[in-house]
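Examination of the molecular architecture
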Amino acid sequence: MNSALTIIKTHDIFQRWNKLITFFNLRNLQNQPDDHINHRNRQLDALIIKDGTESETSVKVKTFAVQSFLFRFEFINSIIIIGSKDLVIFADRDKLKLVQHLKKLSEKELSDNHNVHLLAFRGKVCQEMDVEKLLDLLEYLNIRRLGYFKKEKQTGIMSSLFDEMVEDKKIQFVDITPDTQEFLCVKEDKDISFMIRASKITCYFFRELIARVEKAVEDAQDLSHADISANLDDFLELRRPSLQKFGVIPNYYDFAYSPLIQSNDAYDLRPNAENTNEQLTNDCIILNMAGKYFELNILMIRTLLMNPLEDDKRKYRALSELHDKVIESLTPGRVLQDVYNKCKKELLHKHPDLLPHIPKDFGFGIGFEFKEKCLLIGPNNKNKVKDNQVYTVITSLKDLVGFVKKKTFSIHLADTVVVGDPRNWGEAKKNVIRSNFCITSEISKHLDDIGYNYEEEEEDSKVLTKTKLYAARDADTQDEQTLEDLKDFKPLKSRKTRLAMQKLKLFREKEKNIKMKRHQRHL
């Protein structure tokens with residue numbers, strides 16, 4: 001509770017309150033259900049955030065998102081009324097202690113514009129008399145029209161009592177679900193800085209995940225996808241105290257879900273896929289990791305290719321090129337359906353055989369909600385890209401056939417992209433004006449960095465050995481293999497070893513160029 005109190009006290013709640021209610025006061029709620037058609041052009045009196053108890057049947061997507069935006073804290077089992085001049089928080093006494101300073105500020109400094117009302121349950125459990133007191137206050141404040149989240153049903157005694165007793169009052173409820181998402185999809189600068197920190201930490205753990213997968217393949221470890229994921233969850237807890245070096249409060253960073261590893265023949269590219277108990281295989285491996293800091297989410301996905309054929313590499317390059325094109329196209333003013341259609345058309349022109357394998361969309365907005373549907377990068381979305389929006393660009397090629405075994409496999413990539421000049425958040429490496437930047441680019445998706453070659457000791461054996469960079473996979477074709485054919489492969493060596501080899505290669509190329517220039521002078 002003490003850490004939560006510190007966070008809430010240092011959070012710019014009044015500023016965010018103003019932005020939230022201004023947005024809804026200015027909006028003509030045009031996308032409402034038919035039963036509210038006669039009230040579309042009337043302004044709302046207030047918003048209601050009703051948060052019930054935790055249960056399997058409760059839905060709290062927007063309920064949680066708005067509280068995270070406003071307070072960076074969830075007031076479970078509470079009702080919050082957000083008006084243009086009045087903020088009402090109805091909860092137990094312990095939770096109200098976290099916002100006691102808001103009431104003092106409103107009384108001393110902001111009494112002309114802001115009033116904070118803190119209503120506590122009389123006992124540990126909400127009773128009818130408590131709800132009656134809340135309804136009396138709404139009547140006193142002349143609140144008659146409330147925006148709410150129609151599909152988010154809450155559970156618990158407090159929620160049930162309110163739903164029953166409010167029926168006798170002359171209060172109208174208007175669904176504001178789509179408008180809330182539109183509001184939240186344009187991020188505050190501070191929220192984007194938090195997402196950048198989340199991305200740096202997630203990249204740190206992603207590198208660890210790649211290293212563990214490399215070792216598992218290289219040493220022929222008998223590990224399942226679920227085993228590797230559980231080990232990463234444990235590693236996060238082990239390293240949590242050291243996360244302070246990223247400028248964060250460690251307890252407020254977490255994985256959005258356990259890291260997802262997929263290989264073998266079953267590739268589930270849905271966001272809600274789960275790890276299986278199948279053993280890790282040494283061909284095509286998809287790694288999926290999502291992190292969050294103060295409930296602001298980021299996502300990244302990479303695909304590792306073990307001994308790919310030339311056509312497998314072509315397909316990967318085509319997807320990587322498509323992926324980069326989508327990121328490049330997310331500039332302010334662009335219509336999202338145009339981004340999708342143009343990138344799809346370019347793929348059709350260069351690689352028509354891959355068109356049946358691409359997804360129905362190329363990602364969506366991300367932030368307090370993991371999936372902001374109003375920012376879907378799809379063929380029918382007419383919304384425009386704006387500054388301070390954040391997207392997770394997701395591209396894939398599903399159900400391909402390749403590798404030596406002619407297996408079915410999929411390639412999957414995802415990055416988190418902030419729309420805006422990176423200099424606004426101190427992220428510009430060069431003094432170059434850009435319209436967006438990828439905050440997960442620390443983990444390379446270049447074929448040189450995700451393509452591996454190895455050879456097995458015996459046929460069908462799981463024991464793997466390291467091979468030289470240009471070793472051929474098949475003795476019969478060894479003489480035919482060229483440097484050009486194998487330039488995208490790398491052996492399963494440690495990351496330090498590979499970096500040393502790269503530096504040595506660059507040094508030798510530089511030395512060769514110097515000798516050529518000297519030779520030309522002599523001529």
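Right above here is the structure, for reference.
Residues numbered from 1 in each chain as written. Predicted model: local features only at pLDDT ≥ 70, side-chain atom pairs only at ≥ 80, totals over all residues. Heavy atoms only, no water.

**So, the pairing of strand β5 (residues 145–148)**
Note on strand geometry: in a regular strand, side chains alternate between the two faces of the sheet. Note the threshold: Two strands are counted as paired when DSSP detects at least two bridges linking them. Secondary structure follows DSSP: runs of H or I at least 4 residues long count as helices, runs of E at least 2 residues long count as strands, and numbering of each begins at the N terminus.
Here strand β1 (residues 46–51) pairs with β5 via two bridges, running parallel. Within β5, the position partnered with Ala46 by the bridge is Leu146. As judged from the four bridges shared by β5 and strand β6 (residues 172–175), these two strands associate in the parallel manner. Bridge pairing in β6 links Arg145 to Gln172.

**Things to note about the side chain of Arg302**
Our working rule: Partly exposed residues are those whose accessible area sits between 20% and 50% of the maximum for their type, while under 20% is buried and over 50% is exposed, using a 1.4 Å probe and protein chains only. N or O atoms within 3.5 Å of each other form a polar contact, as long as, within protein, one can give a hydrogen and the other can take it, and as long as residues adjacent in sequence are counted only when both atoms are side-chain atoms. Should any heavy atoms of two residues lie within 4.5 Å, those residues are considered in contact.
Along the polypeptide, Arg302 turns up in strand β10 (residues 296–306). Residue class for Arg302 comes out buried when judged on its relative accessible area of 1%. At 2.8 Å, the side chain of Arg302 and the side chain of Asp415 are in polar contact. The contacts of Arg302, once residues within four sequence positions are left out, are Phe206, Ile285, Ile286, Leu287, His412, Leu413, Ala414, Asp415, Thr440, Ile443, Ser444 and Lys445.

**A look at the sheet that holds β6**
Rules: Lines fitted to C-alpha atoms define the axes, with helix axes restricted to the stretch in contact, and inter-axis angles between N-to-C directions lie between 0 and 180 degrees.
If you walk across this open sheet you meet the six strands as β4-β3-β2-β1-β5-β6, and the pairing is mixed. Among the strands making up the open sheet, the edge pair consists of β4 (115–120) and β6. With strand direction ignored, the average angle separating the axes of adjacent strands in the sheet is 20°. Bridging between β1 and strand β2 (residues 78–83) involves six bridges; their strand directions are antiparallel. Residue pairing across strands places Ala46 opposite Gly83, the latter belonging to β2.

**What about the pattern of salt bridges?**
As a reminder of what qualifies: Should a side-chain nitrogen of Lys or Arg be within 4 Å of a carboxyl oxygen of Asp or Glu, the pair is scored as a salt bridge.
Within this structure, the stated rule accounts for 33 salt bridges. Put simply, Asp51 and Lys60 hold a salt bridge, and the shortest N to O gap is 2.6 Å. Taken individually, Asp51 and Lys60 each receive the classification buried, so the pair is uniform in this respect. Among the ionic pairs, Asp415 bridges to Arg302, the shortest N-O distance being 2.8 Å. Remark: Arg302 occurs in strand β10 and Asp415 occurs in strand β13 (residues 407–419); sequence separation between them is 113 residues.

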